[in-house]
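# A closer look at the structure
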Amino acid sequence: WRGCEGVPYSTLVPSDEVTINYRHGLPVITLTLPTRSERCQFTVKPVVTTVGAFLQDVQREDKGIEKAQIFATDGSKVSDATLMEVLLMNDFKLVINNTAYSVSPPVKDKLNSEHATDMEDIKSLVHRLFVALHLEDHQIRKERELLQRLDHLKGELLPLEQMKARIMDSADAKTSRLLWVGLALMSTQGGALAWLTWWVYSWDIMEPVTYFITYGSAMAFYAYFVLTKQDYIYPQAKDRQFLHYFYRKSKKQRFNVERYNKLKDDLAEAEESLRRLRQPLQLRLPIQEISDKD
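Here is a short report on the structure shown in this document. (Residues numbered from 1 in each chain as written. Predicted model: local features only at pLDDT ≥ 70, side-chain atom pairs only at ≥ 80, totals over all residues. Heavy atoms only, no water.)

## Overview of the overall build of the protein chain
- A count of helical and extended segments in the protein chain gives 7 helices and 7 strands.
- Helices and strands in the protein chain line up, N terminus first, as β-β-β-β-α-β-α-β-β-α-α-α-α-α.
- For the protein chain, with 294 residues in total, the buried portion stands at 26%.
- For the protein chain, restricting intrachain contacts to residue pairs at least 6 apart in sequence, the fraction spanning at least 24 positions comes to 53%.
- Counting every atom, the protein chain has about 20,800 Å² of accessible surface; 57% of that belongs to carbon and sulfur. (Helix = DSSP H or I, 4+ residues; strand = E, 2+ residues; numbered from the N terminus. Buried < 20%, exposed > 50% of the residue type's maximum accessible area, 1.4 Å probe, protein only. Contact = heavy atoms within 4.5 Å. Areas by Shrake-Rupley, 256 points an atom, 1.4 Å probe, with all protein chains shown as cover.)

## Quick word on unusual backbone geometry
- Notably, Arg 254 is not glycine yet its phi reads approximately 60°, a positive angle.
- Checked against the element boundaries, Arg 254 lands in the loop between helix H5 (234-252) and helix H6 (257-277).
- Among the residues examined, Arg 254 registers a relative accessible area of 77% and is labelled exposed.

## Let's talk about the nonpolar core
- Counting residues in hydrophobic clusters, the biggest one holds 23 residues, and the most contacted among them are Leu 31, Phe 54, Ile 70, Phe 92 and Leu 94.
- Breaking this core down by element, the ones donating at least two residues are strand E3 (26-33), strand E4 (38-43), helix H1 (51-61), strand E5 (68-72), helix H2 (84-87) and strand E6 (92-96).
- No other element matches the 4 residues that H1 contributes to this core.
- Leaving out residues up to four positions away in the same chain, Phe 54 has contacts with Ile 29, Leu 31, Phe 42, Val 44, Thr 49, Ile 70 and Met 84. (Core = buried A, V, L, I, M, F, W, Y, C linked by side-chain atoms within 4.5 Å.)

## Describing helix H4 (residues 203-228)
- With 26 residues, H4 extends 37 Å from end C-alpha to end C-alpha; this agrees with the ideal 38 Å at 1.5 Å per step.
- When H4 is considered as a whole, its buried residues turn out to be Met 206, Thr 210, Tyr 224 and Thr 228.
- Just past H4, the residue Lys 229 takes up positive phi, approximately 60°. (Expected span 1.5 Å × (residues − 1).)

Right, here's the structure in full:
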């Protein structure tokens, strides 16, 4: 219902003080408009209307109001985002221009437990109906947003994927060459020791040489463990050398590995969100629960 023209839920009444009464379960705030010198009554919806919206209605009703604010009794300003339901639980001060009004909301009659339970059931039913009526539109809109995000992430990843493939091919080629060089050196060493043993010297002379070569190799493997905290296992050593070449090549070509990993994580998260969105039974479950079920 409307009383003051131009502002919903208001009506003109004669009086002087700021008062609050409950009518049909809704709070009615009555105050005097400063420039119009007339009383105006505002009916607010406490669970929906915010303090900022209420003040805007007051200023919209009286164009002469330059400033309207609400303060708590301790002098702290009440945020515009605060719901009127919270504000009306305690006394407060309404400041219009340079005039302050002390407001004491009346104590609302408490509902009995049975009535309160019925109200909670009604609220729950309304919420379920709202979800049922709007869930499909929300899913379609959310799916469209996720698909757009996937396209954007894939577009950013494409050049990085191509650059990464080139760097990986180069690092893999260098690692393979290093392995073949190691094999060639070991073969050369074995051939040299055999030639020195059978054709140049005797085994009595070469035996100490081979011992120190073996001992030197053991020291080299131990040094590898000290530096890397890993045993010298051929597959792990190969992967470590591959990563060394990969990061060195990435730095030369300015390939941002951290950004690439971040985009990959974002892409995986978007794909997981889209998968959950397309599975109604898992729509309300957190990702961790879905992962545990998988």
